[in-house]
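What follows is the residue order along each chain.
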Amino acid sequence: MTYWLEHAWLGTGVEPGVAVDVADGRITAVRTGTPTPPPGAEALRGLTLPGLANAHSHAFHRALRAAVQVGSGTFWTWREVMYGVADRLTPDSYYALARATYAEMALAGITCVGEFHYLHHAPGGSRYDDPNAMGEALIAAAADAGIRITLLDTAYLSAGFGDPPDRHQLRFSDGTADAWAERADALKGREHARIGAAVHSVRAVPAGELGAVADWARERRAPLHVHLSEQTAENDACRAAHGRTPTRLLADHGVLGPRTTAVHATHLTDEDVALLGGSTTGVCMCPTTERDLADGIGPAVALQEQGSPLSLGSDSHAVIDLLEEARAMELDERLRTRTRGHWTAAALLRAATADGHAALGWDDAGTLAPGALADLTTIRLDSVRTAGPLPRLGAETAVFAASAADVRHTIVGGRQIVRDGVHTRVADVPTALADSIAAVRG
């Protein structure tokens, strides 16, 4: 079929009147200079971008929205509330919550999610009959919500630098990296799903086990993600245990590299930045979560200058809005430095599209070009937020004015998942969210 894009962002600028031909889920041709829809084409009014990639998600954290905004506290008190939700999840309830959360992502123009998945087992650590029941629930949820997923199956073995898992963390732990690898081996990719790996953090995977996780990912040419230096307490504990920073520890055990993505990377030394950039390790920034948890502002500019590609994630889902994540990365840096213009709108959109997909192992997505997966997101240019600017400023309008509420259409593999702001597969997303969250609320 053919989609006619009223305006399209093609990576460097906005083009009016673009026809995109699609066959077997991929773009076969991109024709500019097409002022009106060709016969039989589906018209997408507004600004069409490549589909957005949410490179870091914990789907069950969606149940925490607003509940963790009561009072004050720290990251560590927030974590206790999070553990309470995790304790109540089953494969069925996790499927329902994730399906609703992924449907919300589709409504926000997200076509691919990186699910950092560590909730593997039943309460107390006992195994389900299918040891990957929770991961399979997430893969099924993404399929039924109509989006792609990279399941980043996560090694989580310790409460902190060798301490045994606490009662909450028993659900997360396989005991050893070898046991984790044996379970992860049973996961299989699908048309909409790819399998990657994750080290939860240097706190949660003992140093002697890091190499085994990195080797598993390397042998499969799979993406490998890791939470890195989100909290200064992690840095202090790592120095006390190993006499080096978390970044140096990862480097010494072969974790860094071009298929690795460090998430947050908030509190880094200059040497850390050089290690990440010099190894072309990617960095996923999650500004809405990082400010919600008062984590701080990471050195994203320095990381990119040193060679780290940047991607974006909604992480704890305080909001699900990749346009806000892109905007926040620039605006937080403006607050920190009191200067403007660290990234162009085009650079921020690349972080939300092509570079985010690459971080998740979907190098064939994130661009409007022949051969790419036909994943598209259309943003209204006539809402109260976006009306007024010239269409040629569509990238700037999208990043600095639009929100998830302005997403009009979401297309995955050439199929329309969101049409005119309505999800085509999940009839009532707000009710699905409310019901699935109520089922796991304490």
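Cut-offs used in this document
- Residues numbered from 1 in each chain as written.
- Predicted model: local features only at pLDDT ≥ 70, side-chain atom pairs only at ≥ 80, totals over all residues.
- Heavy atoms only, no water.
- Helix = DSSP H or I, 4+ residues; strand = E, 2+ residues; numbered from the N terminus.
- Rg over C-alpha atoms; globule rule 2.2 N^0.38 Å.
- Buried < 20%, exposed > 50% of the residue type's maximum accessible area, 1.4 Å probe, protein only.
- Contact = heavy atoms within 4.5 Å.
- Core = buried A, V, L, I, M, F, W, Y, C linked by side-chain atoms within 4.5 Å.
- 1 Å grid on protein atoms, 1.4 Å probe; cavity = no way out; pocket = protein on both sides within 12 Å on 5 of 7 lines; lining within 4 Å.
- Points joined across faces, edges and corners; volume = space filled by probe spheres on them.
- Nonpolar A, V, L, I, M, F, W, Y, C, P; charged D, E, K, R; others polar.
- Axes fitted to C-alpha atoms, helices over the stretch in contact; angles between N-to-C directions.
- Parallel < 35°, antiparallel > 145°, perpendicular 65-115°, else oblique.
- Left-handed = near helix turned anticlockwise from the far one by under 90°.
- Expected span 1.5 Å × (residues − 1).
- Bend = angle between axes of the 7 residues up to and from the residue.
- Polar contact = N/O pair within 3.5 Å; in protein donor to acceptor, adjacent residues only side chain to side chain.

Asks: Just checking my understanding: could you explain the overall build of the protein chain for this structure?
Replies: A count of helices and strands for the protein chain gives 15 helices and 16 strands. On C-alpha atoms alone, the protein chain measures out to a radius of gyration of 21 Å, which is about the 22 Å that the 2.2 N^0.38 rule sets for 442 residues. Principal-axis analysis of the C-alpha atoms gives the protein chain an extent of 65 × 50 × 45 Å. Counting all 442 residues of the protein chain, 60% fall into the buried class. If you take every contact in the protein chain between residues at least 6 apart in sequence, the share linking residues at least 24 apart comes to 74%.

Asks: Looking at this structure, I do not really get the nonpolar core. What am I missing?
Replies: In a soluble, globular protein the nonpolar side chains are often hidden away together inside. Ranked by internal contacts, the top residues of the largest apolar core, which has 126 residues, are F60 and Y102. Considering each element in turn, this core owes the most residues, 8 residues, to helix α2 (residues 91–107). Of all hydrophobic cores here, the second largest spans 12 residues; its members include L5, L44, L368 and I411.

Asks: Help me out: how do you make sense of empty space enclosed by the protein in this one?
Replies: Empty space among the atoms can be located by rolling a probe the size of a water molecule over them. Using the criterion set out here, one finds 3 cavities of 30 Å³ or more in the structure. Each pocket or cavity is described by its volume, and for the largest cavity that value is around 240 Å³. In terms of lining, the largest cavity is formed by 22 residues, of which the most central are F75, W78, H200, H227 and E230. Tallied by class, the residues present in the lining of the largest cavity amount to 9 nonpolar, 8 polar and 5 charged. Of the voids in this model, the second largest cavity is the one considered here, and its volume is about 80 Å³. What lines the second largest cavity is M285, P287, E290, G296, I297, G298, A300, A328, M329, D332 and E333. Secondary structure elements with two or more residues in the lining of the second largest cavity: α9 (287–292) and α11 (322–337). The element best represented in the lining of the second largest cavity is α11, accounting for 4 residues.

Asks: Even after reading the chapter, I still don't get the packing of helix α4 (residues 177–185) against helix α5 (residues 207–219), so can you show me in this structure?
Replies: Describing two packed helices takes the angle between their axes plus the distance from one axis to the other. Contact geometry of α4 with α5 gives a least axis separation of 9 Å together with a crossing angle of 20°. When the axes of α4 and α5 are compared, the pair comes out roughly parallel. For the element pair α4 and α5, the recorded crossing hand is right-handed. Where α4 abuts α5, its residues A177, D178, W180, A181, A184 and D185 lie against E209, A212, V213 and W216.

Asks: Explain the packing of α2 against helix α3 (residues 133–145) to me, please; I cannot follow it from the model alone.
Replies: Contact geometry for α2 and α3: axes closest at 8 Å, N-to-C directions at 35°. Where α2 crosses over α3, the two elements pack in a sense that is right-handed. Where α2 approaches α3, its residues P91, Y94, Y95, A98, R99, Y102, A103 and A106 are matched on the opposing element by A133, M134, A137, L138, A140, A141, A142, D144 and A145. Looking at the contact of α2 with α3 residue by residue, the class counts come to 15 nonpolar, no polar and 2 charged.

Asks: Whenever I open this one, α11 confuses me. Can you help?
Replies: One full turn of an α-helix is made of 3.6 residues, so residues set three or four places apart face in the same direction. The end-to-end C-alpha distance of α11, which contains 16 residues, comes to 23 Å, matching closely the 22 Å that a straight helix rising 1.5 Å per residue would cover. The largest bend in α11 amounts to roughly 25° and is located at A328. Of all 16 residues making up α11, 12 are buried, and the element is well covered by its neighbours. Taken together, the buried positions of α11 are occupied by L322, L323, E324, E325, A326, R327, A328, M329, E330, D332, E333 and R334. At the N-terminal boundary of α11, the capping side chain belongs to D321, with an oxygen 3.1 Å from the backbone nitrogen of L323. One or two residues past the end of α11 sits R338, with phi positive at roughly 60°.

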